[in-house]
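Observations on chain architecture
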Amino acid sequence: MATQDGAGVSLKRALGQSDSQRMDPYLMMDVFFSDDPQDYIAGFPDHPHRGFETITYMLEGNMLHEDHVGHRGELKTGGIQWMTAGRGIIHSEMPQQVDGEMRGFQIWLNLPAADKMKDPSYQNFDAEQLPDISLLEEGQIILIAGSLTLDGDTYTSPVQAHATQPLIADIRLEPNGEVHIPVPAGLNALLYLFEGEIQVGNEALQFDQTAILTDGDMLHLKADILGGRAMLLAGKPLNEPVVQYGPFVMNSIDEIKQAINDYNSGKFTA
């Protein structure tokens, strides 16, 4: 779904278009992709969050994160930012370029009730810090979060979240490339295709489609003659109530009301 967020940034919402279009524990995935500065230059000025985590993965471009806690980090091509809003954070994400291509993803990952009021935190990782897994002539996997074992070798991202066990990967397949990716049974999983065409099991996934996967322990992907590229998101479902009001995600309406009151009264920055 085409939409806008922040101060007018043009986006595609690949997950989370409505309350019924989520995949526990993931709340939302936005895709930004433009070489027109008018689509992204206004960025995301100061705004609050509570109760979940944000993961921003930059394919092309440069964006600066700053928050009220004092964290500051520059997100560059191939890097990720992982922010835990916890009990409350006010941050901005502003482009550090006036032209050229800006392309990437922002993912919202829910926190369990026990962690929603934890202290906010922030991590920044450059492209060189993420496992870059070669599939030889078949393709490549960039491991954004979690751990992955292929051909007897285990790769581990610097980003781990134990409650939701996220597995997030950028998978690129060469023309006619093929890969089998182990995904632990019991995790919810989806695949979003953003280049080419990929066959998932016996079904073809078209460009710009999101596929919610059935349970299992192995994901079989095969590209067509042009190759393909997709984002894999998997995680352990929390099976908890989700009540969202804009940038606040809690477990009850009363907790949402408290979040609004805390923000309006200045308790977020106290």
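Remember, predicted model here, so these are calculated numbers, not experimental data.

**A few points about the sheet that holds strand S2 (residues 9–15)**
- Read from one edge to the other, the open sheet built from seven strands follows the order S1-S2-S3-S10-S5-S8-S11, with strand pairing classed as antiparallel. The open sheet has two free edges, formed respectively by strand S1 (2–5) and strand S11 (121–125), since each of these has just one partner strand. Across this sheet, the average inter-strand angle for adjacent strands is 25°, counted without regard to direction.
- Taken together, the five bridges between strand S8 (residues 80–84) and S11 define a ladder with antiparallel strand orientation. The residue bridging Trp82 from the neighbouring strand is Gln123, located in S11.

**So, unusual backbone geometry**
- For the peptide bond that leads from Asp24 to Pro25, omega is 10°, which places it in the cis range.
- With respect to the helices, strands and loops of the structure, Pro25 is situated in the loop between S2 and strand S3 (26–34).
- For Asp151, which is not a glycine, the phi torsion comes out positive at approximately 50°.
- With respect to the helices and strands, the residue Asp151 is situated in the loop between strand S14 (147–150) and strand S15 (153–156).
- One non-glycine residue with positive phi stands out, namely Asn176, at about 65°.

**Side note on helix H1 (residues 253–265)**
- Helix length check: H1 (13 residues) gives 18 Å between terminal C-alpha atoms against 18 Å at 1.5 Å per residue, within 8%.
- Of the positions making up H1, those classed as buried are Ile256, Ala259 and Asp262. Buried residues of H1 fall within an arc of 125° about the axis and therefore sit on the same side. Those residues of H1 that are exposed and aimed more than 90 degrees away from the buried face are Ile253, Asp254 and Asn264.
- If you follow the buried residues of H1, they end up packed against strand S22 (243–245) and strand S23 (248–250).
- Remark: Gly266 follows H1 within two positions and exhibits a positive phi of approximately 90°.

**Let's talk about the environment of Gln244**
- By the secondary structure assignment, Gln244 is in strand S22.
- Separated by 12 residues in sequence, Gln244 and Leu232 have C-alpha atoms that sit 24 Å apart.
- Once residues lying within four places of it in the same chain are set aside, the contact partners of Gln244 are Arg22, Trp108, Val249 and Ile256.
- Reaching out from Gln244, the side chain makes a polar contact with the side chain of Arg22 at a distance of 2.9 Å.
- Separated by 3.0 Å, the side chain of Gln244 and the backbone oxygen of Gly246 make a polar contact.

**Here's the deal with the UniProt feature "domain: Pirin N-terminal" (unreviewed entry) in the chain**
- Residues annotated by UniProt as "domain: Pirin N-terminal" (unreviewed entry) correspond here to residues 10–109.
- Spanning residues 10–109, this segment combines 0% helix with 61% strand, and its end C-alpha atoms are found 21 Å apart.

**Description of the sheet that holds strand S7 (residues 72–76)**
- Strand order in the open sheet made by the four strands is S4-S9-S6-S7, with antiparallel pairing throughout. The open sheet has two edge strands, strand S4 (44–49) and S7, and neither has a second partner. Strand-to-strand twist in this sheet, taken as the mean axis angle between neighbours without regard to direction, amounts to 20°.

**Some remarks on the packing of aromatic side chains**
- Tallied over the entire structure, the rule returns seven aromatic pairs.
- Plain terms: the ring middles of Phe248 and Phe268 are 5.8 Å apart, the flat faces sit at 70° to each other, and that makes the pair edge-to-face. With a gap of 20 residues between them, Phe248 in strand S23 and Phe268 in the segment after H1 connect regions that are remote in the sequence. Of the two residues, Phe248 and Phe268, both sit in the buried class.
- Three or more aromatic residues joined by ring pairs make a cluster, and in this case those are Phe105, Tyr192 and Phe194.

Thresholds, definitions, all that
- Counting of residues starts from 1 at the beginning of each chain's written sequence and follows it residue by residue.
- Reporting of local features is limited, given that this is a predicted model, to residues whose pLDDT is at least 70; pairs of side-chain atoms are given and counted only at 80 or more, and all residues count toward the totals for whole chains, interfaces and linings.
- The side-chain values count all of the structure's non-hydrogen atoms but skip hydrogen atoms and water molecules.
- What makes two strands pair is DSSP finding at least two bridges between them.
- Numbered from the N terminus, helices here are DSSP runs of H or I no shorter than four residues, and strands are runs of E no shorter than two.
- To define axes, lines are fitted to C-alpha atoms, for helices over the stretch in contact only, and angles between the resulting N-to-C directions are given on a 0 to 180 degree scale.
- By definition here, a helix of n residues has an expected span of 1.5 Å times n minus one.
- Relative accessibility thresholds used throughout: buried, under 20% of the residue-type maximum; exposed, over 50%; partly exposed, between the two (1.4 Å probe, protein chains only).
- As used here, the arc belongs to the directions running from the helix axis to the C-beta atoms.
- Throughout, a contact is declared for two residues whenever any of their heavy atoms are within 4.5 Å.
- Counting of polar contacts relies on pairs of N or O atoms within 3.5 Å, with two restrictions inside protein: one atom must be capable of donating a hydrogen and the other of accepting it, and residues adjacent in sequence are counted only when both atoms are side-chain atoms.
- UniProt positions are given in the numbering used here, feature names are shortened, and annotations may be inferred rather than shown by experiment.
- Stacked, edge-to-face and tilted are the three classes for Phe, Tyr and Trp ring pairs, Trp counted by its six-membered ring, which pair at centre distances within 6.5 Å; planes under 30 degrees apart are stacked, over 60 edge-to-face, the rest tilted.

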